[in-house]
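# Observations on chain architecture
Take a look at the letters that make up each chain.
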Amino acid sequence: MTDEPLPPEELAARLAEVYLLVGPLYRRVLRKVELGEAVEGVGAGVRAVLDMLRLGGPMTVPQMGRAQALSRQFVQRMVNDAAERGFVEAIPNPAHRRSSLIRLTDAGRGAIEAVIAREHVLLGQIGGGDLTQADVDACVKVLSRMLDALSDVDVD
């Protein structure tokens, strides 16, 4: 193993390996979140909305869609589901009369905090205790670069 940058051909092959892992990982995470839905009442789509609002504060549906590379229509369905459960509410948007801001309610904050607490217990068991800060930093760096490289892909 070396700290030298990979030539483009080798980099492409190695990043293709990452893409092949990300798909199954994503689908398994979704299934795990959905298994927890019985506990917290939060599916994967609603979970994403609640977490965005927890981290970023009130947002419009189009802002959430852009942030997660999801269609506005899908995000709207998830917001509607969250609103029906009392997890979010629409408030006036001073910057745009027709596009309300969506914000967490106390019930929504409690729901997402419960989901995150359960996830942290599960995630803390990964790696058998041998993953280092450098390992995780490298993973985040690579995945962030891959995501940035696809920033021109529009979902709508």
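Scroll up to find the structure this text is about.
Residues numbered from 1 in each chain as written. Predicted model: local features only at pLDDT ≥ 70, side-chain atom pairs only at ≥ 80, totals over all residues. Heavy atoms only, no water.

Along its length, the protein chain carries 6 helices and 2 strands. Listed by position from the N terminus, the elements making up the protein chain come as α-α-α-α-β-β-α-α. When its C-alpha atoms are laid out on the principal axes, the protein chain stretches across 55 × 35 × 25 Å. Here the protein chain, with 156 residues, has 26% of them falling under the buried criterion. Taking all contacts inside the protein chain whose residues are at least 6 apart in sequence as the whole, residues at least 24 apart take part in 58%. By element, 58% of the accessible surface of the protein chain is carried by carbon and sulfur atoms, the whole surface being about 11,100 Å². (Helix = DSSP H or I, 4+ residues; strand = E, 2+ residues; numbered from the N terminus. Buried < 20%, exposed > 50% of the residue type's maximum accessible area, 1.4 Å probe, protein only. Contact = heavy atoms within 4.5 Å. Areas by Shrake-Rupley, 256 points an atom, 1.4 Å probe, with all protein chains shown as cover.)

Moving on: the pattern of salt bridges. Where charged atoms of side chains with opposite charge meet at close range, the side chains can pair. Taken as a whole and judged by the stated rule, the model has 6 salt bridges. The partner of R14 in a salt bridge is E17, with the nearest N and O atoms 2.8 Å apart. One end of the pair is R14 and the other is E17, both in helix α1 (residues 8-40) and 3 residues apart, which spans about a single turn. Given a relative accessible area of 40%, E17 falls into the partly exposed group. When the shortest N-O distance is used, the salt bridge between E119 and R47 registers 2.6 Å. Taken together, the residues span a long stretch of sequence, with E119 in helix α5 (residues 106-123) and R47 in helix α2 (residues 44-56) at a distance of 72 residues. A network of salt bridges, in which partner residues are shared, links R47, D51, R54 and E119. (Salt bridge = Lys/Arg side-chain N within 4 Å of Asp/Glu carboxyl O.)

One recurring pattern in soluble globular proteins: nonpolar side chains tend to sit buried together. Core analysis: the biggest nonpolar cluster contains 21 residues, and L50, L53, M64, V79, F87 and V88 have the highest contact counts within it. Elements supplying a minimum of two residues to this core: α2, α3 (61-68), α4 (72-84), β2 (101-104) and α5. A total of 5 residues in this core trace back to one element, the largest contributor, which is α2. If sequence neighbours within four positions are ignored, M64 has contacts with V49, M52, L53, M59, V75, V79 and I102. (Core = buried A, V, L, I, M, F, W, Y, C linked by side-chain atoms within 4.5 Å.)

With respect to the secondary-structure elements, V46 resides in helix α2. Between the C-alpha atoms of V46 and N80, which are 34 residues apart in sequence, the distance is 9.2 Å. Once residues within four sequence positions are removed from consideration, V46 is found in contact with M78, D81, A82 and F87.

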